[in-house]
Each structure stands twice: as C-alpha cells, then as structure tokens.
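Observations on the three-dimensional arrangement
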Amino acid sequence: MTDMLTIARPDDFHLHLRDGAMLQGVLPETTRHFARALVMPNLLPPVVTTADARAYRDRILAVQPEAAGFTPLMTLYLTETTDPEDVALGAAEGLIAAVKLYPAGATTNSASGVRNFDAVRAVLERMAEIGLPLSVHGEVTDPRVDIFDREAVFIDTVLDPLRSATPGLRVVMEHITTAEGVAYARAGGPDLAATITTHHLILNRNHLLAGGIRPHYYCLPVAKRESHRLALRAAATSGEPGFFLGTDSAPHIDALKEHACGCAGCFTATNSLPVLAQVFEDMGALARLEGFTSRHGAAFYRLPPNTGTMTLERRANPLQLPEKILTGAGPVTVFDPGFPLYWHVAP
Ligand code: DOR
Ligand code: ZN
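Because the structure is a prediction, the values reported are computed rather than measured.

Moving on, we get to the overall build of the chain. Scanning the chain from terminus to terminus reveals eleven helices and 13 strands. A globule of 347 residues ought to have a C-alpha radius of gyration of about 20 Å, and the chain, at 19 Å, matches this closely. Along the first, second and third principal axes, the C-alpha atoms of the chain reach 55 × 45 × 40 Å. A total of 347 residues make up the chain; the buried ones form 56% of that total. Once local pairs closer than 6 in sequence are excluded, the contacts in the chain between residues at least 24 apart make up 75%. With the model as given, the accessible surface of the chain reaches about 13,700 Å², and the carbon-plus-sulfur share is 55%. Once the 29 positive and 37 negative side-chain charges of the chain are each reduced to a mean point, those two points are 3 Å apart.

This is the structure we're talking about:
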C-alpha cells in the first residue's frame, strides 16, 4: 500500500476568509497547507470594485502568518452596476483572478447579486475578451423551485443561455453537487470547468438530515442524494482537467450554525488534505490527487504551477485535530468527515 505521497503544493480555488477577527482566526488553517486560494467576495458590504479587492487583499496579507508564502487570489462580486473598465484594470494588474456571480438571494450575503442578466452583459463581454473567468454560484433562487433541484434548473435556465449569449466567456461552475453539474461541466469544453468541495465528496443528504439535523453539515448548495455524491467522487478522481478543488470552506461561529435559522457553510480548511487523500485512496486514485488539488485549477486560471511540495504520510495512528478553531469572533467547528484520518500532512 502506498503510504507516502508527495504532490505540488495545493491551491484552493474557492475559499471564504471573512474579515476582522474571523479572518485572523481562520487564515492560518488555510496557509498551513495551501499556496494560493481564490478568496470569495461575499463580505458585508461585498467586495465590488478593484479598490475594495486591493484593500481586502491588504487586510489578508497584514494578518497572514509570517513566512506563510501564501498568495490570496482576489475576486469581485458581480452586481448590476459593476463597471467593465474597473474589472479589466483589476485583471490587467494581476489583482483580480475572477468575477463571482451570485444570483440575488442564493446564499450568505448575496443580497447584492444579479437579478437582471441584461444589466451585466457588458461586463461579461469584456471578461470574455480578456479571458477573465466568471465563477458562478449555480443555483436558482425562485422559491417555487425545490432546493434539491436548484442546481439542475440553474444549468438549464440560466447558465446554458448565459454561455450561449457570451461566446468565449470562461466559466467555473463553483461547488457542483449533482450528476447534472458533472455532465454539463464535462461537455463544456476548455472554457468551462467546475470546482468540487471536500465536504460534497463525503456528505449526502442523509448525513445532514437522517437521525437528527446536523447543522455543521448544512451548506449551500445543500448536499444531495447518494447517487450525486458518487458522481462527484468519480469526477474528482477522474483525472479530467476540468475538475479541481475549491473547498468552499466557509466559517461561521457555532452560535450561528447551531441556531433556529442556521448559517450555511462547512469549515474544511483544517482537514481538507487528509480527507481528500482518504477519498482518493478509497477510489484507487491516489496518483490523481495532485491533479485535483494542485494542477488543474492553476492551469484553468492560467497561473504558473506551484513549485513547492507537500508530503502526505499514511500513519497507523489517526490524526488528532481540534474539534473547534477558537477565533476572536467565536468558536468554529471543524468539519467532521465521520471517519478517522490516517493521512497526515508531513511538517
Ligand atoms: O455553504 C455556503 N456557505 N455556501 C455558500 O455559497 C456561501 C458560504 C458562506 O459564505 O457562508
Ligand atoms: Zn462559497
């Protein structure tokens, strides 16, 4: 059995770092393992201009642990008043790596998202011209659409028309959760890719709901039935370049997760690599872990591959991790995959 694996240092192409005391508390959990992360812009208020993104990047750099060697890749939150020129300038200076589309109301802090797609046409066309990816939260928000169907309906009614209307637009389907998402991403050619989270490779909706509601497994898009989880595992471990890691690690303090109206998000920054190594081992695909965590995403985003490496070791003793990260904003529960982790990241 393989018990040692060295891979290029991983990147996380979908991460929530928040701000202030929470940022300070959670950032080391990411910089310990990841070389770069695509930082989501859904702060309150959101990161909408290049100037906002620069200021946010500087706040991240100011609290990052010394010698972390970590590069935050910044995103802009697409609104109906986003200025195409501002986006292009941010991209040209290498600050902005993607623009994030949240349909209005889809998730945490998405009230400023897009309602009328005609209003963002000029921005999307400019992005297609310069090759800047649109990273998409792919769920419709129509309350008449069942929450378990929102991704599949989004693909048919929003994403596919949007891509047809904007030839050349490069799109990342974020945190896909369905077999339909896998199939659509796979068929989309070189301008379309999809991120897959750590937790959606582990959870189906029974884990969330059967035998008691488990708020720390509640995230958006919500975990689907088992057949979808299996489609995600097959895609992630397939070696296809259009699938790569975006953890969507999304910290909320316990008081807001264990709540009558609990927040969406699984906090996986701490243990994503050990969990993923186990998933890839279970799938007989350890040799393809590096592509998923460290190669495909950088290639899609046209970034140089990381030069540093990470070694994972399978040990006899399970990894002992804290149940919670204590941040200045409050405790944040670390994702529990439900099985012991034998893969350790070598120091
Ligand atoms: O589970 C989620 N949490 N999904 C999202 O789309 C947003 C995120 C957050 O910001 O908490
Ligand atoms: Zn997210």
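For the rest of this paragraph, the subject is the site of ligand 1. The full set close to ligand 1 counts 13 residues, and Arg-18, Asn-42, Leu-220, His-252 and Ala-264 are the nearest of them. Arg-18 is positioned such that a nitrogen or oxygen atom in its side chain is 2.8 Å from an oxygen atom of ligand 1. Here Ala-264 contributes a backbone N or O atom positioned 2.9 Å from a nitrogen atom of ligand 1. Across the complex, the protein chains shield 100% of the 290 Å² of accessible surface that ligand 1 would expose by itself. Here the residues of the shell around ligand 1 sort into four nonpolar, seven polar and two charged.

This brings us to the nonpolar core. Core analysis: the largest hydrophobic core is formed by 88 residues, its most contacted members being Leu-17, Leu-78, Met-127, Leu-134, Met-173, Ile-196 and Leu-312. Per-element accounting of this core gives the leading share, six residues, to helix H10 (residues 272-282). Once residues lying within four places of it in the same chain are set aside, the contact partners of Met-127 are Val-87, Val-99, Leu-132, Pro-133, Leu-134 and Leu-169. Of all hydrophobic cores here, the second largest spans 13 residues; its members include Met-40, Ala-98, Tyr-102 and Tyr-301.

The topology assignment puts Met-173 in strand S7 (residues 171-173). Along the sequence, Met-173 and Phe-34 sit 139 residues apart, while their C-alpha atoms lie 21 Å from each other. Among all residues touching Met-173, those that are not within four sequence positions of it are Val-136, Ile-155, Leu-159, Gly-181, Tyr-184, Ala-185, Leu-192, Ala-193, Ala-194 and Thr-195.

Within a sheet, each strand pairs with its neighbour through backbone hydrogen bonds, oriented either parallel or antiparallel. Judged by pairing direction, the sheet is antiparallel, and its three strands sit side by side in the order S1-S10-S13 without closing on themselves. Each end of this open sheet is capped by a strand with a single partner; those strands are strand S1 (4-8) and strand S13 (343-345). Pairs of neighbouring strands in the sheet enclose a mean axial angle of 25°, with direction left out of account. Two elements, S1 and strand S10 (residues 309-314), share five bridges in a ladder whose sense is antiparallel. Bridging from a neighbouring strand, Leu-5 pairs with Leu-312 of S10. Helix H11 (residues 289-300) contacts S1 and S10 of the sheet and is inclined by roughly 25° relative to S1.

Rules used in this analysis
- Residues numbered from 1 in each chain as written.
- Chains lettered and ligands numbered in written order.
- Predicted model: local features only at pLDDT ≥ 70, side-chain atom pairs only at ≥ 80, totals over all residues.
- Heavy atoms only, no water.
- Helix = DSSP H or I, 4+ residues; strand = E, 2+ residues; numbered from the N terminus.
- Rg over C-alpha atoms; globule rule 2.2 N^0.38 Å.
- Buried < 20%, exposed > 50% of the residue type's maximum accessible area, 1.4 Å probe, protein only.
- Contact = heavy atoms within 4.5 Å.
- Areas by Shrake-Rupley, 256 points an atom, 1.4 Å probe, with all protein chains shown as cover.
- Lys, Arg positive; Asp, Glu negative; His and termini not counted.
- Charge placed at Lys NZ, Arg CZ, Asp CG, Glu CD.
- Near = heavy atom within 4 Å.
- Polar contact = N/O pair within 3.5 Å; in protein donor to acceptor, adjacent residues only side chain to side chain.
- Nonpolar A, V, L, I, M, F, W, Y, C, P; charged D, E, K, R; others polar.
- Core = buried A, V, L, I, M, F, W, Y, C linked by side-chain atoms within 4.5 Å.
- Pairing = 2+ DSSP bridges.
- Axes fitted to C-alpha atoms, helices over the stretch in contact; angles between N-to-C directions.

On their own, these measurements won't tell you what the molecule is for.
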